[in-house]
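Results of the structural survey
If you want the building blocks of each chain, they are given just below.
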2 protein chains.
Amino acid sequence: MPHPLSTAQALRLWHDVGLSQVQDDEPDLSVRQMTILLSIYLEAPPHTVRALAAKLHVSKPVITRALDAMGKLGLVTRRRDETDKRNVLIQRTVGGSLYLERLADLVSAKSQEL
Amino acid sequence: MPHPLSTAQALRLWHDVGLSQVQDDEPDLSVRQMTILLSIYLEAPPHTVRALAAKLHVSKPVITRALDAMGKLGLVTRRRDETDKRNVLIQRTVGGSLYLERLADLVSAKSQEL
DNA sequence: AACGATTGTTTCGGAACCGTTTCATATTTT
DNA sequence: AAAATATGAAACGGTTCCGAAACAATCGTT
């Protein structure tokens, strides 16, 4: 367990990571999209639209549209739940794993430069 | 200086902070806006549109519009530079300070829960 | 089989953002 | 003083996002 970050270090870290994301040309994910993506990858499946909407305190269309956008970027996929065909199961992709790996490396590296 | 964050801890921290931001009803700043705001508050003045655009690798209108949006939220103000009236000096506000204080407290608190 | 409940998607009008180009103002150079 | 340069803002068209409501498909219950 690391030492907790001081408030000044927290802001510096947030700034440095954000700057790196803005400077490169890749499209930035919104805070909502990023949080959805991280939920999918950090927490145990299955992931459904409804559960994500409840967790984030947002409406279901917000989740649907975020999945549309991230699907286009190859970060997530959807598949029908065969046991209950109303549900959509949200699945991880190689692209999403790589994306978050790079984010994690970036944050970790910046945290060392504090 | 804290221990550096592991990659797993970095993702967990990003998720937790993003989740807190999404859950409350306040409007989320985009990554660009947040980075601009942090630049203004972390680095020494004077801050100009041109300098910020160069630093972030974005066009000047991007900065202008972000300042418009954050100005409406009371997070920054603009003032003409009296010595060179082409310049606009971007200034901090009480609202912006409070906003970043709360962000810093949030990040710092979440980093302790890792 | 029929009705109501549940799940996810689509639609609608409105707002925000983007990139590029154009503009207005101010300064510097000739 | 005139022309060239620099700065920030505004205009333009296109894309994306939002909240709310309506919708289609599926399930559960009776």
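Read on for an overview of the structure. (Residues numbered from 1 in each chain as written. Chains lettered and ligands numbered in written order. Predicted model: local features only at pLDDT ≥ 70, side-chain atom pairs only at ≥ 80, totals over all residues. Heavy atoms only, no water.)

1. Side note on the protein's contact with DNA strand D
Here is the rule we go by: Neighbouring residues are identified by heavy atoms, a residue being near a molecule or strand if any of them is within 4 Å of it. We define a polar contact as two N or O atoms separated by no more than 3.5 Å, with the added condition that, inside protein, one atom must be a possible hydrogen donor and the other a possible acceptor, whereas residues neighbouring each other in sequence contribute only through side-chain atom pairs. Each helix is a run of H or I in the DSSP string that is no shorter than four residues. Each strand is a run of E no shorter than two, and both are numbered from the N terminus. Residue polarity is assigned by list, with Asp, Glu, Lys and Arg as charged and Ala, Val, Leu, Ile, Met, Phe, Trp, Tyr, Cys and Pro as nonpolar; anything else, Gly included, falls into the polar class.
Around DNA strand D, the structure places 20 residues, and the nearest of them are Lys85 and Arg86 of chain A together with Arg50, Lys60 and Thr64 of chain B. One nitrogen or oxygen atom from the side chain of Arg65 of chain A is found 3.0 Å from a base oxygen belonging to DNA strand D. Note that a phosphate oxygen of DNA strand D is positioned 2.9 Å from one of the backbone N or O atoms of Lys85 of chain A. Of all the secondary-structure elements, those providing two or more residues to the surface near DNA strand D are α2 (31-42) and α4 (60-72) of chain A together with α3 (49-56) and α4 (60-72) of chain B. The element best represented in the surface near DNA strand D is α4 of chain B, accounting for 4 residues. Each residue belonging to the surface near DNA strand D can be placed in one class, and the counts come to 5 nonpolar, 5 polar and 10 charged.

2. As for the packing of helix α3 (residues 49-56) of chain A against α4 of chain A
Residue and element names in this part refer to chain A. Basically, it comes down to this: Only the stretch in contact is used when a helix axis is fitted, and all axes are lines through C-alpha atoms; the angle between N-to-C directions ranges over 0 to 180 degrees. In this scheme, roughly parallel covers angles under 35 degrees and roughly antiparallel covers those over 145, while 65 to 115 is roughly perpendicular and the rest are oblique. Handedness of each helix crossing follows the sense of rotation of the near helix against the far helix: counterclockwise by less than a right angle gives left-handed, clockwise gives right-handed. When checking whether two residues touch, look at their non-hydrogen atoms; a contact exists if any pair is within 4.5 Å.
For the pair α3 and α4, interaxial distance at closest approach is 8 Å and the crossing angle is 115°. In this view, α3 runs roughly perpendicular relative to α4, as classed from their interaxial angle. Like other packed secondary-structure pairs, α3 and α4 cross with a definite hand, here right-handed. Contact residues: Val49, Arg50, Leu52, Ala53 and Leu56 in α3; Lys60, Ile63, Thr64 and Leu67 in α4. Tallied by class, the residues present in the contact of α3 with α4 amount to 6 nonpolar, 1 polar and 2 charged.

3. Examining unusual backbone geometry
Residue and element names in this part refer to chain A. Looking along the chain, the bond that leaves Pro45 and enters Pro46 is cis, with omega of 0°. Checked against the element boundaries, Pro46 lands in the loop between α2 and α3. Despite not being glycine, His57 has its phi angle at roughly 65°, a positive value. Of note, His57 is situated in the loop between α3 and α4.

4. Points about the packing of aromatic side chains
Put simply, the test is: Paired rings are identified among Phe, Tyr and Trp, the last through its six-membered ring, by centres lying within 6.5 Å, and are further divided according to the angle between planes into stacked (under 30 degrees), edge-to-face (over 60) and tilted (the rest). Type-normalised accessible area, obtained with a 1.4 Å probe on protein chains alone, sets the label of each residue: buried when under 20%, exposed when over 50%, and partly exposed for intermediate values.
One pass over the full model with this rule turns up 1 aromatic pair over all chains. A centroid spacing of 3.8 Å and a plane angle of 25° characterise the contact between Trp14 of chain A and Trp14 of chain B, whose relative ring orientation is stacked. Taken together, the residues span two chains, with Trp14 of chain A in helix α1 (residues 7-23) and Trp14 of chain B in helix α1 (residues 7-23). Overall, Trp14 of chain B belongs to the buried group, its relative accessible area being 10%.

5. Let's talk about α2 of chain A
All names here are of chain A. Stated precisely, the cut-off is as follows: Each helix should span, by expectation, one fewer than its residue count multiplied by 1.5 Å.
Over its 12 residues, α2 extends 16 Å from the first C-alpha to the last, a length consistent with the 16 Å expected when each residue adds 1.5 Å. The element α2 is largely enclosed, with a buried count of 10 among its 12 residues. Those residues of α2 that sit buried are Val31, Gln33, Met34, Thr35, Ile36, Leu37, Leu38, Ser39, Ile40 and Tyr41.

6. Digging into the interface of chain A and chain B
A common way to state how big an interface is: give the accessible area lost once the parts meet. Rules: Buried area, as used here, totals the accessible surface that two parts lose on assembly, with accessibility defined by a 1.4 Å probe and the loss added over both. Think of a salt bridge as a Lys or Arg side-chain nitrogen and an Asp or Glu carboxyl oxygen that are within 4 Å of each other.
Residue-level contacts link 43 residues of chain A with 43 residues of chain B. When chain A packs against chain B, close to 4100 Å² is buried across both sides, 72% of that on carbon and sulfur atoms. At the boundary of chain A and chain B, one finds 2 salt bridges. A salt bridge links Arg12 of chain B to Glu43 of chain A; the shortest N-O distance between them is 3.5 Å. For the pair chain A and chain B, the interface holds 12 residue pairs in polar contact (both at pLDDT 80 or more). Going through the elements one at a time, α1, α2, α3 and α5 (94-112) of chain A are the ones with two or more residues in the side of chain A that touches chain B.

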